[in-house]
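Residue strings, one per chain:
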Amino acid sequence: MTLFIIGLVVYSNSLRGDFHFDDHYNIRENLFVHDLTHIPRYFVDARTTSSLPENAPYRPLSTVSFALLWAAGGGDSLPYHLFKMLAHLLVAWFGFLIARRLMTTPPNAFDEGRGVDPTVAAFCGALLFVVHPCLSEAVNYISALTSVQTALFYTAGFWFFLNGRLVPMALLAFGAMLTKEEGCSFPLVVAAYQLFYLRGKFRPWNRGLVAAFATLAVYLGIRHVYGSKTVVFGGVEPLVYLFTQIRAWIYYIYKIFTPWGYAVDHSEFGFSTSFLDQKVLIAFALTVAITVRGALWVWPWRRNSKPQTFLGFAWAWYIICLAPSSSLFPLFEAISEHRYYLSLTV
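Residues numbered from 1 in each chain as written. Predicted model: local features only at pLDDT ≥ 70, side-chain atom pairs only at ≥ 80, totals over all residues. Heavy atoms only, no water.

**Q** Help me out: how do you make sense of the overall build of the protein in this one?
**A** In terms of helices and strands, the protein carries 14 helices and 0 strands. Going from N to C terminus, the protein has its helices and strands arranged as α-α-α-α-α-α-α-α-α-α-α-α-α-α. For 346 residues, the compact-globule estimate of 2.2 N^0.38 gives 20 Å, and the protein sits close to it at 20 Å. Oriented by its inertia axes, the alpha-carbon framework of the protein measures out at about 65 × 45 × 45 Å. Buried positions account for 49% of the 346 residues belonging to the protein. Surface accessibility of the protein: about 15900 Å² in total, with carbon and sulfur atoms responsible for 67%. For the protein, the distance from the average site of its 25 positive side-chain charges to the average site of its 20 negative ones is 14 Å. (Helix = DSSP H or I, 4+ residues; strand = E, 2+ residues; numbered from the N terminus. Rg over C-alpha atoms; globule rule 2.2 N^0.38 Å. Buried < 20%, exposed > 50% of the residue type's maximum accessible area, 1.4 Å probe, protein only. Areas by Shrake-Rupley, 256 points an atom, 1.4 Å probe, with all protein chains shown as cover. Lys, Arg positive; Asp, Glu negative; His and termini not counted. Charge placed at Lys NZ, Arg CZ, Asp CG, Glu CD.)

**Q** I keep staring at helix α1 (residues 2–11) and nothing clicks. Help me out?
**A** The periodicity of an α-helix, 3.6 residues per turn, causes residues three or four places apart in sequence to face the same way. Every buried residue belonging to α1 is among Leu3, Gly7 and Tyr11, and all of these are buried. Taken end-on, α1 shows its buried residues confined to a sector of 40°, consistent with a single buried face. On its buried face, α1 is in contact with α5 (78–103), α6 (118–131) and α7 (136–140). (Arc of directions from axis to C-beta. Contact = heavy atoms within 4.5 Å.)

**Q** Help me understand a nonpolar patch on the surface, please; the structure alone is not making it clear to me.
**A** Together, Met1, Ile5 and Val9 line one region of the surface with nonpolar side chains, adding up to about 350 Å² of accessible area. Look at methionine 1 and you get exposed, because its relative accessible area is 71%. (Patch = residues over 30% accessible without salt bridge, like charges linked within 9 Å, V, L, I, M, F, W, Y side chains within 5 Å. Salt bridge = Lys/Arg side-chain N within 4 Å of Asp/Glu carboxyl O.)

**Q** Can you help me understand the pattern of salt bridges in this one?
**A** Evaluation of the coordinates by the stated rule reveals 8 salt bridges. Two residues, arginine 16 and aspartate 76, come together in a salt bridge whose shortest N-O distance is 3.2 Å. Taken together, the positions of arginine 16 in the loop between α1 and α2 (22–28) and aspartate 76 in the loop between α4 (60–73) and α5 put the pair 60 residues apart, joining distant regions of the chain. Taking the shortest distance from any N to any O, the salt bridge between arginine 28 and aspartate 18 comes out at 3.5 Å. With a gap of 10 residues between them, arginine 28 in helix α2 and aspartate 18 in the loop between α1 and α2 connect regions that are remote in the sequence. One salt-bridge network, held together by shared partners, links Arg41, Asp45 and Arg47.

**Q** Please explain the packing of helix α8 (residues 145–162) against helix α9 (residues 166–179) as it appears in this structure.
**A** Helix-helix packing is characterised by the crossing angle of the two axes and by the distance between the axes. Relative orientation of the contacting elements α8 and α9 amounts to 165°, with a least axis distance of 8 Å. Taken as axis vectors, α8 and α9 run roughly antiparallel relative to one another. Considering the relative orientation of α8 and α9, their crossing is left-handed. On α9, the residues touching Thr146, Gln149, Thr150, Phe153, Tyr154, Ala156, Gly157, Phe160 and Phe161 of α8 are Leu166, Pro168, Met169, Leu172, Gly175, Ala176 and Thr179. Its residues assigned to classes, the contact of α8 with α9 comprises 10 nonpolar, 6 polar and no charged. (Axes fitted to C-alpha atoms, helices over the stretch in contact; angles between N-to-C directions. Parallel < 35°, antiparallel > 145°, perpendicular 65-115°, else oblique. Left-handed = near helix turned anticlockwise from the far one by under 90°. Nonpolar A, V, L, I, M, F, W, Y, C, P; charged D, E, K, R; others polar.)

**Q** Can you help me understand the packing of helix α10 (residues 186–198) against helix α11 (residues 207–226) in this one?
**A** Here α10 crosses α11 at 165°, and the two axes come no closer than 8 Å. Considering their axes alone, α10 and α11 lie roughly antiparallel with respect to each other. In this structure, the crossing between α10 and α11 has a hand that is left-handed. Residue-level inspection shows Phe186, Pro187, Leu188, Val190, Ala191 and Gln194 of α10 in contact with α11, the latter providing Gly208, Leu209, Ala212, Phe213 and Leu216.

**Q** Can you walk me through the side chain of threonine 105 in this structure?
**A** Summarising the element assignment, threonine 105 is placed in the loop between α5 and α6. A distance of 2.6 Å separates a polar side-chain atom of threonine 105 from the backbone oxygen of arginine 101. The residues touching threonine 105, leaving out its near neighbours within four places in the chain, are Tyr193 and Tyr197. (Polar contact = N/O pair within 3.5 Å; in protein donor to acceptor, adjacent residues only side chain to side chain.)

**Q** Explain the environment of leucine 331 to me, please; I cannot follow it from the model alone.
**A** When you line up the elements, leucine 331 lands in the segment after α14 (309–322). The exposure class assigned to leucine 331 is partly exposed, which follows from its relative accessible area of 27%. The sequence separation of leucine 331 and valine 236 amounts to 95 residues, and the corresponding C-alpha distance is 8.1 Å.

**Q** Please clarify how the packing of aromatic side chains should be interpreted in this entry.
**A** Two aromatic rings are characterised by how far apart their centres lie and by the angle between their planes. Summed over the entire model, instances satisfying the criterion amount to 27 aromatic pairs. Residues phenylalanine 19 and tyrosine 80 carry aromatic rings whose centres are separated by 5.6 Å and whose planes lie at 80° to one another, so their mutual orientation is edge-to-face. Taken together, the positions of phenylalanine 19 in the loop between α1 and α2 and tyrosine 80 in helix α5 put the pair 61 residues apart, joining distant regions of the chain. Plain terms: the ring middles of phenylalanine 161 and tyrosine 193 are 5.5 Å apart, the flat faces sit at 90° to each other, and that makes the pair edge-to-face. Of this pair, phenylalanine 161 sits in helix α8 while tyrosine 193 sits in helix α10, and the two are 32 residues apart along the sequence. The two residues phenylalanine 161 and tyrosine 193 agree in class, both being buried. Among the aromatic residues, those joined into a ring-pair cluster are Tyr154, Phe158, Phe161, Phe186, Tyr193, Phe196, Tyr197, Trp299, Phe313 and Trp317. (Phe/Tyr/Trp six-rings, centres within 6.5 Å; stacked < 30°, edge-to-face > 60°.)

Set out below in structure tokens:
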């Protein structure tokens, strides 16, 4: 309840925010969103996603939400903000549940000898997620509903996975995939959990892992048939985009600790055309260092050291969830503040 009250207070001043930027193409000028009779078509025609064919990826559940909220408010922006605020708070709640469970799941020594209560630590993390300004674009920018709704399905699905309920896990993961491409990373997060926590008992044919990848296979099959044939991706080479995203992985972490200077446009960030770019090399070195540190948290090399599996898994979650939008698949903007929303949920 505390999370919800604080969240409502923090974001109450955003409820009258208007439509901006992609909101016009995705919602205001998209006639398919203005009529609920088109909802079945969203799942078989990606052109219904946007009034601009080149900006119309296959995200049918996002379009369903846009349409329902348009109908609820008669074209007013208030229902969108209310829905996103509630979804943001639910994401924080599921993040709290997941973090608390993982901190106390062996092999893990997070709470041993440190005087740290896992419940308190998980709550503080969830509270920071609710109020941190680095996530305000995802919550306030209406078109970024795609990021928040994906995170809601994703975290809820992972929570059901942790509780061994594979049918709701698969349905929620499928919902995340149908909302935005980041949902496709879900099976890799499941694999990371089983690799880190099951250790010697890890098996590729584990029921949870099989169910997650089967869900992804179904989604990719549907996307292949009904996915967009008109969408245009960023105008840079995949390797140029990857070199740039190596910098972005570290930059997003930097913005957590420097909570100012947030903006919609980051054209000054620029693209890196070579791996030998000094900024790329520094960011790559930091990424490798954190990854090695994370591996040592999971698999300590000292005999008397106890594993800190949660910390290593949290880093894996961060990178895996960023991969669909921040790796080899070029987007027009080098960086965007709503892309890391899902990555910071745990």
